Amino acid sequence: MQDEKWMREALILAKQASDAGEVPVGCVVVCGDEIVGRGCNNRENGKNALHHAEVLAIDEACRNLGGWRLWHCTLYVTLEPCPMCAGAILNARIPRVVYGAADKKAGACGTNLNLMQTPNYPHPTVERGVLEAECTALLQAFFQNMRADPKPRIDWKARRREKLAELAARQNEGKNV
């Protein structure tokens, strides 16, 4: 079955994300019988809130196909897209989305909310639960391991205050010249 074939490719990327310490989500964009975009979560290592698997895969697909309209592609992702990724899917005009595990917290393709039915946009077909057990198991194992390993966590608030202080100091240096 084609959907399982492409979801297995997305699972490989999700495992790569997990190995890198990222939430294990992988995504491929397929055109015909070819992967034209790949992505896996990279928010922590990339230090960028936009580095979700879907956004990275869509970006690569647009570059590889030479345009932003992906109306002839299918997006396969191991976890149901969040609102940001659902918006990227809609804006890229992707007509079909296939995901593995539902996301009860942030799923925007029908589980928590359904942005795929947004008025004034095309309504992509959404296929749910492809290789769901494997996708869910990978996510559960990642979070169990994370809870079991009490590594010191980064104090994000302190880090943010430091960065803001550095920025303010640079801005003040410019004014004192």
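Here we summarise the structure given alongside this text. (Residues numbered from 1 in each chain as written. Predicted model: local features only at pLDDT ≥ 70, side-chain atom pairs only at ≥ 80, totals over all residues. Heavy atoms only, no water.)

1. Some remarks on the layout of surface pockets
Put simply, the rule reads: For each structure, a 1 Å grid was placed over the protein atoms alone; sets of points admitting a 1.4 Å probe that cannot get out are labelled cavities, open sets with protein on both sides within 12 Å along at least five of seven lines are labelled pockets, and lining residues have an atom within 4 Å of a point. Grid points are joined across faces, edges and corners, and a volume is the space filled by probe spheres set on the points. Each helix is a run of H or I in the DSSP string that is no shorter than four residues. Each strand is a run of E no shorter than two, and both are numbered from the N terminus. For this classification, Asp, Glu, Lys and Arg are treated as charged, while Ala, Val, Leu, Ile, Met, Phe, Trp, Tyr, Cys and Pro are nonpolar and the rest, including Gly, are polar.
Approximately 250 Å³ is the volume attributed to the second largest pocket. Counting residues per element, the lining of the second largest pocket draws most heavily on helix H5 (residues 132-148), which supplies 6 residues. When its residues are assigned to classes, the lining of the second largest pocket shows 5 nonpolar, 2 polar and 5 charged.

2. Details of unusual backbone geometry
Our working rule: Each residue is placed in one exposure class: buried if its accessible area under a 1.4 Å probe, protein chains only, is under 20% of its type's maximum, exposed if it is over 50%, and partly exposed if it falls in between.
Positive phi, normally seen in glycine, also occurs at lysine 47, with a value near 50 degrees. Counting through the fold element by element, lysine 47 comes out in the loop between helix H2 (43-46) and helix H3 (53-65). You can call lysine 47 exposed: its relative accessible area is 58%. At asparagine 120, a position not held by glycine, the phi torsion is positive, near 70 degrees. Residue position: asparagine 120 is located in the loop between strand S4 (96-101) and strand S5 (125-127). On the basis of relative accessibility, which here comes to 83%, the residue asparagine 120 falls in the exposed class.

3. Quick word on the packing of helix H1 (residues 2-19) against H5
The condition is simple: Helix axes are fitted to C-alpha atoms over the stretch in contact, other axes to C-alpha atoms as well, and angles between N-to-C directions run from 0 to 180 degrees. In these notes the angle categories are as follows: under 35 degrees is roughly parallel, over 145 is roughly antiparallel, 65 to 115 is roughly perpendicular, and the rest is oblique. Whether two residues are in contact is decided by their heavy atoms: any pair within 4.5 Å suffices.
In the contact formed by H1 and H5, the axes pass within 11 Å of each other and the chain directions differ by 5 degrees. Relative to H5, H1 is oriented roughly parallel. Contact with H1, carried on its side by Met7, Arg8, Leu11, Ala14, Lys15 and Ser18, involves Glu134, Cys135, Leu138 and Phe142 of H5 and no other residues of that element. Residue composition of the contact of H1 with H5, by class: 6 nonpolar, 1 polar and 3 charged.

4. Description of the packing of H3 against helix H4 (residues 83-91)
What counts is decided by this rule: Handedness of a crossing follows from how the near helix is turned relative to the far one, being left-handed for an anticlockwise turn of less than a right angle and right-handed for a clockwise one.
Contact pair H3 / H4: the axes reach a minimum separation of 9 Å and the direction vectors enclose 20 degrees. Overall, the two elements H3 and H4 adopt an arrangement that is roughly parallel. Like other packed secondary-structure pairs, H3 and H4 cross with a definite hand, here left-handed. Residue-level inspection shows Glu54, Val55 and Ile58 of H3 in contact with H4, the latter providing Met84, Cys85, Ala88 and Ile89. A per-class count over the contact of H3 with H4 returns 6 nonpolar, no polar and 1 charged.

5. A closer look at the nonpolar core
Condition: Side-chain atoms within 4.5 Å link the members of a nonpolar core, which is a set of buried Ala, Val, Leu, Ile, Met, Phe, Trp, Tyr and Cys residues.
Core analysis: the largest hydrophobic core is formed by 44 residues, its most contacted members being Val29, Ile58, Leu70 and Leu75. Within the residue set of this core, elements represented by two or more residues are H1, strand S1 (26-31), strand S2 (34-40), H3, strand S3 (73-79), H4, S4 and H5. By residue number, the principal contributor to this core is H1, which donates 7 residues. For valine 29, the residues in contact, after removing those within four places along its chain, are Glu34, Ile35, Val36, Gly37, Ala57, Ile58, Ala61, Cys73, Thr74 and Leu75.

Shape is all these values report; function is a separate question.
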